[in-house]
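Remarks on the overall topology
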Amino acid sequence: MTFRGLFDWTVVVLTCQHKDSVYAFQRELEIRQQRGSLSPRALLLTVSDPQERLGSGGATLNALLVAAEHLSARAGYTVVTADVLDDAHILILHTGRDFPWDGCSRAFCWMPIAATEQSVEGPVCCLDMLLDCLSTKVCVGSPPGVWVCSTDMILILPTAQKISWEGFSGVRVMSLPGDVSFAANHGVYLTDTEGGVRDIIYRGSEKRIRSAVLPDGKVPLVSGPVFFSRSVSERLLQTHVTPPLDGCTYLGMDSGAPPLQISLFLDVLMCLCSEMTETEFVNGERTGCSSPLGPQGAAVKSARSVLWKTLRGVPLSLVYIPDGRYDYLTMSGREHVVRLTDTGTERQILSHIQEMQCVSEGSRVINTVLEGSVRVAAGAVVQHCRLQGPIQVQPGCLLSGLDLNSSTYLQRMPLTSDIILQGHRVQLGELKLTVFTVLGAYDSLEALNDEAAGSFLNQTWSQFYSRTGIKPEELWAADSGLCRSLLDARLFPVFMPKGGPVGMEGVSFLLGGSGSAESWRAAWRLSLREVLSLTDQQGELHWREELFFSAGRRRAEDTLKGHTDHNLLPSIRAAVLGGQQGELLQTLDSVASGSSSDLGIAARSLACIADVLGCLAGEGRGGLRSGPAANPSWASAFSLLEQGKLVAGVQELAKQRVLWLNRPDLLVRAARHYEGGGQILLRKAVMSTHEFMFIGQSEMPPMGEWQEVECPARLDLSGGWSDTPPIAFEHGGAVVNVAVRVDGKRPIGARVRRIPKPHLVLVSTSGPPDCSVTTETVCEVLADLEDYCQPHAPGALLKAVCVCSDVVFVSSSLSLEQQLLERWGGGLEVHTWSLLPHGSGLGTSSILAGAVLAGVYRCTGRSYDTSSLIHAVLYLEQILTTGGGWQDQVGGLVGGVKVARSNATLPLRVDVEQLSLPQDFLSALQQRLLLIYTGKTRLARNLLQDVVRNWYSRLPAIVQNAEQLVSNAEDCARACSEGSLSGLGACIERYWQQKKAMAPGCEPAAVRTMMNALQPLTLGQSLAGAGGGGFLFILTRHAQQEENVRQILSTTQGLGDFTVHSVELDMDGITVLQKSREHAQ
């Protein structure tokens, strides 16, 4: 179920039968508003009927009065005024009578439906389904007025209804189709050819019902929402001061007016029916409403007269929805079990099931915790329970509201098919306890015990009496007369005068298990009707909420430990809204601490804690989530994590966390530091790639001999971001890229030589020749290398290479001079260059790291292969703390077009497959690839952090995009192998859309303008790398389009400085140049 746009209700009123329900139901409405399924501007009111058996009409009048009174007070009036109805959209929902299969009424009966795209996790109850249907399919576009609907049904409308409201006035009813046989126990509308309502037939004869049949062979059921226009709502409101209708309202009751029951359909709407006469309306005896001939006959006639005078003449029209469906929640247990098992497709909804294989297809487990072997057969339902196996739930059964203590009884209880076993939280005076009831799914609750339909536990009453020795007079009082139904049978033991509350043993005896008739007789007992009327709905909802949050925490633990792609953010938001963040944080701390064997789990756990803290701060409060994470207060915890002391590190983080919870800005800063801790663990997890670095020994070249290495840049054709940890090892990655020369040159290189003086000379030059920048760093002592893990420190990359390649050991007791002399006979001089601008998107830094590593390894007499170099760069970037993926070094170190892959596992290993491409395709590709420098520097400082955060949260769109990145990369490799330029272009186009989905904001306006201008020339185009600026690469439809591209861009407004560059495929990758020797100082 997807919750769509919200209807902007002014007031939502929920009426309830019992005054004790008001607080509990009001909180449920407020929770829905907090979760976003009700407009934040809506005034929410829960109103108890001022008297029992008020009737739907009386409840509507009282609810309208309360709504108008609150709106009047808000508007500054001191009396109720109808002026407040002018622009008001009011929704009145009636909860109706008690429902035997849910102690919290039909409205809050949970349905086995997953609420997709819900930002805050929560149940889908009948009320939620109704609200969604009304707000998105029925009420859209309606003018100010009052909608009234009962919550005792489920409306299923496949499409939004196109209802014309232009010039509408009066009352409009919605109707869904039904069969004549079904209508025999319900109501139908009799209409004219213009859609006006002539009459309402309630429980009429078959002949009378058939007179309402429509051309489609169905009858229009009295099934649902009613709309009163603003003018009619005012008329109805006026009656609250008119006797005897004032007896329907709380004001009338407080003023001493006698109570009165009126029906919405058979009194209020009936007087609008065109065929109804005043005499028939006022004096008529109608099934389903108060009788004018009964004890209140005079008051009923008087009330009808007032309604006739007030409302007569108002047009009553019908909107028939032929493709809709109406499901009334009857008293039938079997119907309800079937309803639950036929709804939705998931076996478990908001539950934790330890052994999922024990739950059969076709069963439903709702808001439940099942531990051990709890076998749930097809067609069975378990809801709001916490059970410990071994337990067998037979087909057709419904178990509801059972706690862990019930498990012992269930394990030895003779539970057969089609049994309904419920635990009810009730309040008897000051005593709160759980009462258990057991019924047969096929039992008719209202059938008399001596009727053929009468049964208990799916057996005849005589069979029950014979088996137990119980007598009818023990179930019904002698004066109960004709009311001897199962609903009123005092079957269920509640309390032993000398022993206290009765548990499951009471129903165990009724089922034929342990217990005795003597114990049963000695107990205080209640009927199901009494149990329902005594239900502590606040306690019942609290029990369900406890289960909901407990199951949510367990699912979070399962999600993390099982590496599943379940989005935890809705659950986190729900926990924070419910004040359950403390328990959730403890769970996440525990998972993180216990994951030393899989640091990927620990890292994601810390990211989830950051999400909890961010939610506590509030949406948009406290600052941006991305930001620095180096506050000294957290240094101790970070140090422990760096040292591999996971448990102590997590404990220290939690200790520090407590001090940062009292302000939104502190919470956001704490979240950043938890993400920082997660990054430490992520880096340590990725460093497991060290296993795939195989560095050998070879002859050390002479002192002063340069080892010079050049590398091409890379263009990522598809799959980028899937190579980024943790995506690369949690989902698996695949990237297709190509090594290229830019303007005929390999733009990246390094040269290294040994020098006699025992120090390190690190020289780096970056940028095009006409505006290059050179920096030189000389390391004389070990302290000069200590900032090697700070990316922005001078010479950080080259320092990290020296550490990663074991040229020096920073933690050694030997000085830098001693180490260099002892191991290499002197120092090292390292020069690097890149002809590309900063932020080019062509993989410069990673490729440069590979070039420097290669030069250092050769200079110090060590051998390597390209695969080891790829993994060494990945390892190096973790040491350097820049993170990042593996595709850049693959692209520049391996020549040609290739596809590289990593599996969803640690340690992280990259496998590269060079693609064997047709020669004519290579030639065509060479002539159609162009690079355009956009003139925009790529500002992606927090881009990686945002992507990793969204991945850890497993936002559904991000998970889907990761899957599509990988599949598109495989399609791209296939297109290249088949020599399809159009196929390659399509993959590049898709890839650019995928990049934008992964990192929103990576397409500056000027770049968008540039790409739009070039669209007619191209088969595909994308910004290189992560996007945001740098180079745009295009695959043109025709060869040799460089001049055309320049001409188009030069005449396009708003592009700024751009340059067009030629591209040549480089089939060699990293290349060692001819050795040279210079005099070394």
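In what follows, the accompanying structure is described. (Residues numbered from 1 in each chain as written. Predicted model: local features only at pLDDT ≥ 70, side-chain atom pairs only at ≥ 80, totals over all residues. Heavy atoms only, no water.)

**Remarks on helix H22 (residues 646-657)**
- For H22, spanning 12 residues, the distance from its first C-alpha to its last is 16 Å, which sits close to the expected 16 Å at 1.5 Å a residue.
- Within H22, burial applies to Leu646, Gly649, Val650, Glu652, Leu653, Ala654, Gln656 and Arg657. (Helix = DSSP H or I, 4+ residues; strand = E, 2+ residues; numbered from the N terminus. Expected span 1.5 Å × (residues − 1). Buried < 20%, exposed > 50% of the residue type's maximum accessible area, 1.4 Å probe, protein only.)

**Let's talk about empty space enclosed by the protein**
- Scanning the model with the defined rule gives seven cavities of 30 Å³ or more in all.
- When its volume is computed, the largest cavity comes out at roughly 120 Å³.
- At the level of secondary structure, the elements contributing two or more residues to the lining of the largest cavity comprise helix H1 (21-35) and helix H17 (537-561).
- For the lining of the largest cavity, the element with the highest residue contribution is H1, accounting for five residues.
- For the lining of the largest cavity, the residue count by class is five nonpolar, no polar and six charged. (1 Å grid on protein atoms, 1.4 Å probe; cavity = no way out; pocket = protein on both sides within 12 Å on 5 of 7 lines; lining within 4 Å. Points joined across faces, edges and corners; volume = space filled by probe spheres on them. Nonpolar A, V, L, I, M, F, W, Y, C, P; charged D, E, K, R; others polar.)

**Details of the packing of aromatic side chains**
- Per the counting criterion, the structure on display carries 22 aromatic pairs.
- A centroid spacing of 5.0 Å and a plane angle of 55° characterise the contact between Tyr933 and Phe1031, whose relative ring orientation is tilted. Taken together, the positions of Tyr933 in strand S41 (residues 929-933) and Phe1031 in strand S43 (residues 1031-1036) put the pair 98 residues apart, joining distant regions of the chain.
- Given a relative accessible area of 16%, Tyr933 falls into the buried group.
- Phe1031 sits in the buried class, given a relative accessible area of 2%.
- Taken together through their ring pairs, the aromatic side chains of Phe456, Trp461, Phe464, Tyr465 and Trp476 make up a single cluster. (Phe/Tyr/Trp six-rings, centres within 6.5 Å; stacked < 30°, edge-to-face > 60°.)

**Some remarks on the nonpolar core**
- Judged by nonpolar contacts, the single largest core of 209 residues is most densely connected at Leu399, Leu410, Val438, Phe456, Trp461, Leu491 and Leu510.
- When residues in this core are grouped by element, the largest group, 12 residues, is from helix H20 (residues 599-617).
- Sequence-distant contacts of Leu491, that is, excluding residues within four places in its chain, are made with Phe456, Trp461, Phe464, Leu475, Leu486, Leu510, Trp520, Arg525 and Leu526.
- Formed by 60 residues, the second largest nonpolar core is a distinct cluster that contains Ala59, Ala88, Val222 and Met270. (Core = buried A, V, L, I, M, F, W, Y, C linked by side-chain atoms within 4.5 Å. Contact = heavy atoms within 4.5 Å.)

**Quick look at the pattern of salt bridges**
- As enumerated under the stated definition, the model contains 51 salt bridges in all.
- Arg901 is the salt-bridge partner of Glu913, the closest N and O atoms lying 3.0 Å from each other. Of this pair, Glu913 sits in strand S40 (residues 910-914) while Arg901 is found in strand S39 (residues 897-902), placing the two residues 12 residues apart along the sequence.
- The salt bridge involving Arg909 is made with Asp911; its shortest N-O contact spans 3.1 Å.
- Assessed through its relative accessible area of 45%, Arg909 is described here as partly exposed. (Salt bridge = Lys/Arg side-chain N within 4 Å of Asp/Glu carboxyl O.)

**Looking at the sheet that holds strand S3 (residues 89-94)**
- The strand order S2-S1-S3-S6-S13-S8-S14 describes an open sheet built from seven strands, whose pairing is mixed. Since the sheet does not close on itself, it has two edges, and those belong to strand S2 (43-48) and strand S14 (316-320), each with one partner. Across the sheet, the mean angle from the axis of one strand to that of its neighbour is 20°, orientation sign disregarded.
- Where strand S8 (residues 171-175) and S14 come together, five bridges link them in parallel fashion. Counted as the bridge partner of Arg172 is Ser317 from S14. (Pairing = 2+ DSSP bridges. Axes fitted to C-alpha atoms, helices over the stretch in contact; angles between N-to-C directions.)

**Overview of the packing of helix H27 (residues 844-859) against helix H28 (residues 866-879)**
- Orientation of H27 relative to H28, taken along the N-to-C sense of each, is 110°, at an axis distance of 9 Å. With respect to H28, the axis of H27 lies roughly perpendicular. Considering how the two elements wind past one another, H27 and H28 form a crossing that is right-handed. Here Ser846, Ala849, Gly850, Leu853, Ala854 and Tyr857 of H27 come into contact with H28, specifically with Leu869, Ala872, Val873, Leu876 and Glu877. (Parallel < 35°, antiparallel > 145°, perpendicular 65-115°, else oblique. Left-handed = near helix turned anticlockwise from the far one by under 90°.)

**Overview of the side chain of Gln994**
- By secondary structure assignment, the location of Gln994 is in helix H33 (residues 981-998).
- Those residues in contact with Gln994 that lie beyond four places of it in its chain are Asn961, Gln964, Leu965 and Asn968.

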